[in-house]
Structures are given as C-alpha cells and as structure tokens.
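One-letter residues, chain by chain:
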Amino acid sequence: MKIITWNVNGIRAIWKKEDLQALIKKEKPDILCLQETKANVEQLEDDTKNHEGYYTFFESSTIRKGYSGVSIYSKNQPIKVTGTLGVKSFRDDEGRTIVAEYSKFYIVNCYFPNGGKSPEHFAYKLDYYKHFLELVNKLEKSKPVIFMGDVNCAQEEIDLARPKENANSVGFTLPEREEVRKFSESFVDVWRQENPGVSEYTWWDMKSGARARNIGWRIDYIFISKSLQNKVKQIKILGDQFGSDHCPVFLEIDL
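The residue count restarts for each chain, going from 1 along the sequence in the order it is written. Since the coordinates come from a predicted model, pLDDT governs what is reported: local features require at least 70, and pairs of side-chain atoms require 80 or more to be given and counted, while whole-chain, interface and lining totals use all residues. Only heavy atoms go into the side-chain values, all of them from the structure, while hydrogens and water stay out.

**Q** It is not clear to me how the layout of surface pockets should be interpreted in this structure. Could you clarify?
**A** To find leftover empty space, one rolls a probe the size of a water molecule over the atoms. Detection works on a 1 Å grid of protein atoms alone, calling trapped sets that fit a 1.4 Å probe cavities and calling open sets with protein on both sides within 12 Å along at least five of seven lines pockets, with lining residues defined by an atom within 4 Å of a point. Grid points are joined across faces, edges and corners, and a volume is the space filled by probe spheres set on the points. Taken as a whole, the largest pocket encloses approximately 550 Å³ of empty space. Around the largest pocket sit 28 residues that line it, and Asn114, Asn152, Trp203, Asp245 and His246 are the ones nearest its centre. Among the elements of the structure, helix H4 (119-140) and strand S10 (203-204) are those that each provide at least two residues to the lining of the largest pocket. Residues of the lining of the largest pocket, tallied by class, amount to nine nonpolar, 10 polar and nine charged. Taken as a whole, the second largest pocket encloses approximately 300 Å³ of empty space. Under the DSSP-based scheme used, a helix requires at least four consecutive residues in state H or I and a strand at least two consecutive residues in state E, with every element numbered from the N terminus. Counting only elements with at least two residues in the lining of the second largest pocket, the list comes to strand S5 (80-82), strand S6 (97-101) and H4. Just so you know the grouping, Ala, Val, Leu, Ile, Met, Phe, Trp, Tyr, Cys and Pro go in nonpolar, Asp, Glu, Lys and Arg go in charged, and all remaining residues, Gly too, go in polar.

Following this line, the structure appears as structure tokens:
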C-alpha cells in the first residue's frame, strides 16, 4: 500500500497548476492525505472532489472559508469517516482532523495549528496536541493507527537547518517539542526511524527563497503504531515535488 501526505497550501491553486494531478499519476497512491486545502467542497471543481479512481472526503473550516482544511483520497472505500477530535469541551471547528476507518487499521490526517498568531492560539496548539494524542491512543486500542500530516513542529535540532537561530521560534519551542515527543511513546516516526542522523526537510519559507538554499524544516510526518514497524517497505521525502511550500512524504507499507 502506498500512502502520501502533503500540505498543498490551497487545493484549488495546486489543482489549477496540475502539480497534484502529476503526483497522483506518477506515484499512484492508494491513500492520499492533504492538508491546508483552504476550500469547502462546494468551491471545488468536479474533477477535484470526484477524482477518478478515488473515494474523496473533505473536512473544512466552519469559522471561515479559505482557511485550514484536510482531505483524504482513497482507492478503497473506508468503513467510516469522521472529522473531529471528539472532545466536546475543545473548540474543533477549523477543519484540522479527518479519520478514516478501514478493516485492519485507521488513517488519521491532521493539520496542526501554527500557534504563532497570539499566546491564545499557541495555547490552543498545545491543547490540540494533547487531545490529538488522546484520540489516536483511543483508536489504537481497537486496531493499528497510521497518522500523518503537517504537525507544525520540528522535533529535534536535526529537523531544521538553523536550530540555534530558531530556538525560541514557534514550531521549535520546548513545549511544542515535548508534546510531539509524546507521540513516540506509542507510535513510530517512520522517516526518522529509517533515516537516523539524516537532515531532510519538508517545508521552506517561500518569502525568503529558502527552498533554493535548502534552509528548511521537517514538520510533515507519518507516524505508525509500533505493531506495524516490520511492515514498512520504504519511506521517502519527495523533495523534488513542487507546487507548495511543503513537499510530500511517501510511505509504502504492507497492510
């Protein structure tokens, strides 16, 4: 099974440029998880929301259009698809989570808050980490979980080009990194597991032209239940795929 995650930074724009269609045609993913789609379903072209060969599912922001959003493209029809963290006391209206249940596993696609807007939004980000971990731990009690997406945090110094300069930057603060490290208590960061000591990045600041200089951050992840470790065939960062300020991450796993 081939699985791809990609923050597309606007599905309508990337579809118009045909970069996403090119990726689908080249890699033929069984499951494609997109983040920051920035669109409600009614705003999408028919070929985008009903792409040939795929069942498609979208979760969008209900607080404003053109913001956040996640989607799943799947060759096989899931048993069930839901779109929240399932915590009534937590504001969960930004379209950041989508869960697809299959017969032998769960796929969870996530777009974590950036947290840089204000102290309140940073606190919201930390709360999202906590509630998200509660969700995937709960799901794993019934079957293995694969979760992926833009986690908006570089976990270790090796995961960004300039760790010292960014020691106090949102996306690399100790509180965020500590929350992401908790994921590894129950799950495996597949790319890091397979590439110890290697620096590769998945996001670059477009305004400063950082991609051309490879001054980037690894903030897009695929985590799997530890029970699936021996089923991984390959994982790679598709750094030569353009169309967004992020690049895709590709996992091939025997399920």
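**Q** Even after reading the chapter, I still don't get a negative patch on the surface, so can you show me in this structure?
**A** Residues enter a patch when their relative accessible area is above 30% and they make no salt bridge; the linking distance is 9 Å between like charges and 5 Å between nonpolar side chains (Val, Leu, Ile, Met, Phe, Trp, Tyr). What sets the accessible areas is the Shrake-Rupley method with a 1.4 Å probe; for residues, cover comes only from the shown protein chains. In the sections that follow, a salt bridge refers to a side-chain nitrogen of Lys or Arg positioned within 4 Å of a carboxyl oxygen of Asp or Glu. For this count, His and the chain ends are skipped, Lys and Arg are scored as positive, and Asp and Glu as negative. Charged groups are reduced to one reference atom each: NZ for lysine, CZ for arginine, CG for aspartic acid, CD for glutamic acid. A grouping of Glu45, Asp46, Asp47 and Glu52 is seen on the molecular surface, where their side chains present a negatively charged patch. Taking relative accessible area as the criterion, aspartate 46 reaches 54% and is therefore assigned exposed. Each residue gets one of three labels from its accessible area relative to the maximum for its type: buried under 20%, exposed over 50%, partly exposed in between, using a 1.4 Å probe on protein chains only.

**Q** Explanation requested: a positive patch on the surface in the structure shown.
**A** A contiguous patch of positive charge on the surface is contributed by Lys2, Lys25, Lys26, Lys28, Lys75 and Lys236. Along the chain, the position of lysine 26 falls in helix H2 (residues 19-27).

**Q** I tried to follow the nonpolar core on my own but got confused; where do I start?
**A** Nonpolar side chains tend to gather and get buried jointly when the protein is soluble and globular. In this structure, Ile3, Ile31, Ile107, Ile146, Ile222, Ile224 and Leu251 are the most contacted members of the largest nonpolar core, which totals 29 residues. Contact definition: two residues touch when any of their heavy atoms are within 4.5 Å. Those residues within four positions of leucine 251 in sequence are excluded, and the remaining contacts are Met1, Lys2, Ile3, Val190, Ile222, Ile224, Val232, Gln234 and Ile235. Among buried residues, those of type Ala, Val, Leu, Ile, Met, Phe, Trp, Tyr and Cys that are joined through side-chain atoms within 4.5 Å constitute a nonpolar core. Listed in part, the 26 residues of the second largest apolar core include Leu85, Val99, Tyr124 and Phe187.

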